[in-house]
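# Working through the structure, step by step
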Amino acid sequence: MIIDDLTVPIVLAPMAGGPSTPELTVAVTAAGGFGLLAAGYLSAADTAARIAATRAATDSPFGVNLFVPGPAAPAAEFAGYLAELAREYPVGDAKYDTDDWDAKLDLLVAEPVAVASFTFGCPTAAEIDRLRAVGTESWVTVTSPAEARIALERGADVLIAQGSEAGGHRATFVDRPADDDTDPLSVLALLQLLTAATDRPVVATGGISTGAGIAAALAAGAAAVQLGTVFLRCPEAGTNPVHRAALTADTPTMLTRAFTGRRARGLRNRFMVEHSATAPAAYPEIHYATAPLRAAARSAGNPDNVNLWAGQTHTLAPELPAGELVRTLAAETKTALNAALSRRIQVC
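Below, the structure is looked at part by part. (Residues numbered from 1 in each chain as written. Predicted model: local features only at pLDDT ≥ 70, side-chain atom pairs only at ≥ 80, totals over all residues. Heavy atoms only, no water.)

Counting secondary structure elements, the chain contains 13 helices and 11 strands. In terms of overall size, the chain behaves like a compact globule, its C-alpha atoms giving a radius of gyration of 19 Å where 348 residues would be expected to give roughly 20 Å. C-alpha atoms of the chain, sized along the principal axes, occupy 60 × 45 × 40 Å. Across the 348 residues in the chain, those meeting the buried criterion constitute 54%. Considering only contacts in the chain between residues 6 or more positions apart, those separated by 24 or more positions represent 69%. As presented, the chain carries roughly 14400 Å² of accessible surface, and 54% of it is formed by carbon and sulfur atoms. In the chain, which carries 26 positive and 36 negative side-chain charges, the distance between the mean positions of the two groups comes to 4 Å. (Helix = DSSP H or I, 4+ residues; strand = E, 2+ residues; numbered from the N terminus. Rg over C-alpha atoms; globule rule 2.2 N^0.38 Å. Buried < 20%, exposed > 50% of the residue type's maximum accessible area, 1.4 Å probe, protein only. Contact = heavy atoms within 4.5 Å. Areas by Shrake-Rupley, 256 points an atom, 1.4 Å probe, with all protein chains shown as cover. Lys, Arg positive; Asp, Glu negative; His and termini not counted. Charge placed at Lys NZ, Arg CZ, Asp CG, Glu CD.)

Spelled out as structure tokens, the structure:
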């Protein structure tokens, strides 16, 4: 297993939409971690180009993340929301696509990488078998024990346990507004439930930004941690300037469907506050429809109409080169683990 060979138990989260770059993936891998390259929102051809750029810069193994497509949403379910937005903003075509799923799978079979990770669902057993036949491990992101059972039944090699603290989209297999009243599991709660139910490796992700946080996850049974938000301010990340600047403010986060039609955690801003209550579950239709207004806001330097995805500990993200950040976090983790072991445990 790739995860057993890591010098540092840190996995770079695949942050689609800009932050993920070959340079960031290579820097994390060179420092002893494991880089996942985001293929979400990219065509198969663009994904191939990014894989080639990463391979040209490192001989070390790395992975690629794919979005598992869901069903199209009926137009009647989001027409009213689009009319609401169009009264104030430029709105694009609310189209549906599969994010080039079949072509990307074919690409990873033809040009194998060490790991294929998956978000928004689980590939079929046959698809996982295709990847395994060319030497690729399948890592499936889950948010509940029920999703974990599906992933394990289909042959997932590693589970990525996404806690509610995580920035960006919730990785739920099905995004149902009816489930919003159920508290999503925190990373430590989910991690304990999964490690009690399986001996497959579990990678913890969500709100982990320090060595102490990494130590806590490892102590709770994680084989490694996946970090995203903490890398957003690294120079190698493709984070847009509006997003990069907003991360330094002590702004609370919230979950919303307002920008993409799928529940995601980001920095609270005016657009989220005004439109979250009426936003439908319609992904990727709403993602495409709001693309023009988000692009306009980024160009204008306006953080109120941009999806500023971030986890709950975003204020802890430093402005450091990625390799230096990995090394710093590794040292902090050792210190935290040693400090925890040195404390006396009183026998009752």
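From this point, the discussion proceeds with the structure in view.
Now for helix α2 (residues 44-57). Taking 1.5 Å per residue, 14 residues should reach 20 Å; α2 reaches 20 Å between its end C-alpha atoms and fits that length. Three or more residues of α2 are buried, namely A44, T47, A48, I51 and T54. Taken end-on, α2 shows its buried residues confined to a sector of 125 degrees, consistent with a single buried face. When the buried face of α2 is taken as reference, the exposed residues oriented beyond 90 degrees from it are A45, A56 and A57. (Expected span 1.5 Å × (residues − 1). Arc of directions from axis to C-beta.)

This brings us to the environment of A296. Residue placement: A296 occurs in helix α12 (residues 291-300). Spatially, the C-alpha atoms of A296 and P90 are 8.6 Å apart, while their sequence positions differ by 206 residues.

Here we take up the sheet that holds strand β7 (residues 168-169). Read from one edge of the open sheet, three strands run β7-β11-β10, paired in antiparallel fashion. Two strands bound the open sheet, and with one partner strand each, they are β7 and β10 (253-256). In terms of strand pairing, β10 meets strand β11 (residues 264-267) through four bridges, oriented antiparallel. Within β11, the residue paired with T253 across the bridge is L267. (Pairing = 2+ DSSP bridges.)

To continue, consider the packing of helix α1 (residues 22-30) against helix α13 (residues 322-342). Contact geometry for α1 and α13: axes closest at 8 Å, N-to-C directions at 35 degrees. Here α1 and α13 pass one another in a crossing that is right-handed. Mapping the contact onto sequence places L24, A27 and V28 in α1 and A322, G323 and V326 in α13. Of the residues belonging to the contact of α1 with α13, the class tally is five nonpolar, one polar and no charged. (Axes fitted to C-alpha atoms, helices over the stretch in contact; angles between N-to-C directions. Left-handed = near helix turned anticlockwise from the far one by under 90°. Nonpolar A, V, L, I, M, F, W, Y, C, P; charged D, E, K, R; others polar.)

This paragraph deals with unusual backbone geometry. For the bond from Y283 to P284, the omega torsion is 10 degrees, close enough to zero to count as cis. Summarising the element assignment, P284 is placed in the loop between α10 (270-275) and α11 (285-289). The residue Y41 is not glycine, and still its phi comes out positive at about 75 degrees. Along the chain, Y41 falls in the loop between β2 (34-38) and α2. What makes Y41 partly exposed here is its relative accessible area of 28%. Here D100, not a glycine, exhibits a phi torsion of approximately 60 degrees, which is positive. When you line up the elements, D100 lands in the loop between α3 (79-86) and α4 (101-110). Its relative accessible area of 33% is what places D100 among the partly exposed residues.

The next thing to look at is α13. Counted at 1.5 Å a residue, the expected span for α13 with its 21 residues is 30 Å, and the 30 Å between its end C-alpha atoms agrees. In the core, the buried residues of α13 are packed alongside β1 (10-12), α1, α8 (211-219) and β9 (224-227).

Another point: the side chain of T260. In this fold, T260 is placed in the loop between β10 and β11. What makes T260 buried here is its relative accessible area of 2%. Here R262 takes part through its backbone oxygen, which lies 3.1 Å from a polar atom of the side chain of T260. Leave out the neighbours within four places in its chain, and T260 touches H169, A282, Y283, I286, H287 and W309. (Polar contact = N/O pair within 3.5 Å; in protein donor to acceptor, adjacent residues only side chain to side chain.)

Running from N to C, α4 and helix α5 (residues 125-133) cross one another at 30 degrees; their axes reach a closest spacing of 9 Å. Relative to α5, the element α4 is oriented roughly parallel. The segment α4 lies against α5, with W101, L105, D106, L108 and V109 engaging E127, R130 and L131. Considered class by class, the residues forming the contact of α4 with α5 number five nonpolar, no polar and three charged. (Parallel < 35°, antiparallel > 145°, perpendicular 65-115°, else oblique.)

Let us now look at the pairing of strand β5 (residues 137-142). Among the six residues of β5, six are classified as buried, and the element is accordingly described as predominantly covered. Because side chains alternate across β5, one face comprises the buried residues E137, W139 and T141, and the other comprises S138, V140 and V142, equally buried. Here four bridges tie strand β4 (residues 115-119) to β5, and the two strands are oriented parallel to one another. Across the sheet, the residue bridging to S117 is W139, located in β5. Crossover connection from β4 via α5 to parallel β5: handedness right-handed. Alignment of β5 against strand β6 (residues 158-162), held across four bridges, turns out to be parallel. In the sheet register, W139 faces β6, and the bridge partner there is V158. In terms of handedness, the path from β5 via helix α6 (residues 145-153) over to β6 forms a crossover that is right-handed. (Right-handed = clockwise from strand over helix to strand, strands pointing away.)

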